[in-house]
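Understanding the architecture of this molecule
Now for the letters of each chain:
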Amino acid sequence: MAKNPADSKQRIDQPTGTAFVGHEWDGIEELNTPLPRWWLWTFYLTIVWSLVYVVLYPAWPLVNSATEGVLKWTSRGQLAAEMKAAESDRAPLVNALAAIPVEQLVSDQKLYQGAVAGGSAAFKVHCVQCHGSGAIGSKGYPNLNDDDWLWGGDIGAIHYTLTHGIRNPDHPETRQSQMPAFDGILTPAEISSVVAHVQSLSGKAKPNAKGAEIFANNCASCHGTDGKGLREFGAPNLADNIWLYGSDKATLTQTIKQSRQGVMPRWNDKLDSVTIKMLAAYVHSLGGGEATPAAEALAPATMEAKAANGQP
């Protein structure tokens with residue numbers, strides 16, 4: 001029960017010499033101990049500061065905006081200014097990248113390294129979801145650090161793949177390869193023989209004549225008679241130990257029976273041309289990038305690949 005303040009107005013706590021305020025709860029009474037002076041001044045300063053702040057900066061919310069403040073400052077405005085300054089700093093690099101053909105970028109090492117740095121940042125935003133932060137890929141998503149390339153690992157080929165994507169049905173210039181599903185074309189026994197032959201190409205199984213014959217009649221036109229693939233058609237090398245989906249018997253059987261139709265988005269409708277060049281430079285720099293082939297050396301190879309597949 002609380003006491004009347006008037007009854008305890010003059011009562012002093014003997015140990016501390018502080019007057020009681022007259023409040024009591026369960027036998028515990030409250031002393032009239034003043035707040036420290038430094039604390040009070042700090043509190044008063046915060047009040048003054050808050051008043052100054054609401055005058056200088058945006059503070060009070062309105063229906064569609066807020067009070068602007070005398071200084072007209074906003075965090076969005078500051079961000080816009082910083083982004084504009086960053087764009088201004090990057091302008092020489094961006095302009096230089098826009099002007100140079102991507103095939104010539106590797107020859108200008110200073111510009112190339114600037115593109116690699118920009119591509120590394122863009123890769124973390126747009127590509128890690130499939131290829132991983134270290135670009136090592138996973139099942140169905142290629143490792144970009146090795147030297148195994150379906151369509152070529154020179155910077156021009158990488159740039160084309162990034163620009164036009166793989167198997168984009170809405171884009172006529174997309175990379176396109178078509179492996180038939182052999183379920184119903186080959187018998188289970190024939191598929192098993194081909195699987196064994198494919199495994200033998202990389203030393204995972206013993207050679208078998210039946211599988212080699214079926215491979216020569218059905219697969220060599222794209223993968224080559226030695227199974228090392230043809231980049232003209234995006235046909236993978238089956239004679240190494242790099243596999244996109246796996247090299248075990250069950251996985252290879254599924255691939256031959258049902259085929260694979262992986263899709264990579266084209267970036268020319270999402271990113272600007274300079275960012276795509278930067279990405280091409282970064283992917284090329286990862287370790288598996290190849291030198292740009294000379295034009296005179298490229299033409300005969302292309303003609304030979306077409307001839308092997310009955311193309312004019």
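What follows is about the packing of helix 6 (residues 188-201) against helix 9 (residues 249-258). Helix-helix packing is characterised by the crossing angle of the two axes and by the distance between the axes. Here helix 6 crosses helix 9 at 120°, and the two axes come no closer than 10 Å. The angle between helix 6 and helix 9 places the two elements in the oblique class. By crossing handedness, the relation of helix 6 to helix 9 is classed as right-handed. Taking contact as the criterion, the partners of Ile191, Ser192, Val194, Val195, Val198 and Gln199 in helix 6 are, on helix 9, Lys249, Leu252, Thr253, Ile256 and Lys257. When grouped by side-chain class, the residues that make up the contact of helix 6 with helix 9 number six nonpolar, three polar and two charged.

Turning our eyes to something else, we now look at helix 5 (residues 155-164). Burial of helix 5 is extensive: nine of the 10 residues sit out of reach of the surface. Turning to helix 5, its buried residues are Ile155, Gly156, Ala157, Ile158, His159, Thr161, Leu162, Thr163 and His164. Taking the backbone nitrogen of Gly156 as reference, a side-chain oxygen 3.1 Å away marks Asp154 as the first, capping residue of helix 5. Residue Gly165 follows helix 5 closely and has a positive phi angle near 75°.

Interhelical geometry of helix 6 versus helix 7 (residues 209-218) gives an angle of 95° and a closest axis separation of 7 Å. Here helix 7 runs roughly perpendicular to helix 6, going by the angle between their axes. Along the contact surface, helix 6 presents Glu190, Ser193, Val194, His197, Val198 and Leu201, while helix 7 presents Lys210, Gly211, Ala212, Ile214 and Phe215. When grouped by side-chain class, the residues that make up the contact of helix 6 with helix 7 number six nonpolar, three polar and two charged.

Looking now at the confidence of the model for the chain. In the predicted model, the chain carries a mean pLDDT of 90, and the fraction of residues at 70 or more is 91%. Here residues 296-312 is a poorly scored stretch, pLDDT under 50, and it has 12 contacts once near neighbours within four places are set aside; other chains count.

What follows concerns the pairing of strand 3 (residues 28-31). Here strand 2 (residues 18-25) runs beside strand 3; their pairing, made up of three bridges, is antiparallel. What sits directly across from Glu24, in strand 3, is Glu29. In this antiparallel pair of consecutive strands, strand 2 and strand 3, the connection spans two residues, and Asp26 shows a positive phi of 50°.

Reading guide: rules and limits
Residues numbered from 1 in each chain as written. Predicted model: local features only at pLDDT ≥ 70, side-chain atom pairs only at ≥ 80, totals over all residues. Heavy atoms only, no water. Axes fitted to C-alpha atoms, helices over the stretch in contact; angles between N-to-C directions. Helix = DSSP H or I, 4+ residues; strand = E, 2+ residues; numbered from the N terminus. Parallel < 35°, antiparallel > 145°, perpendicular 65-115°, else oblique. Left-handed = near helix turned anticlockwise from the far one by under 90°. Contact = heavy atoms within 4.5 Å. Nonpolar A, V, L, I, M, F, W, Y, C, P; charged D, E, K, R; others polar. Buried < 20%, exposed > 50% of the residue type's maximum accessible area, 1.4 Å probe, protein only. Polar contact = N/O pair within 3.5 Å; in protein donor to acceptor, adjacent residues only side chain to side chain. pLDDT = per-residue confidence, 0-100. Pairing = 2+ DSSP bridges.

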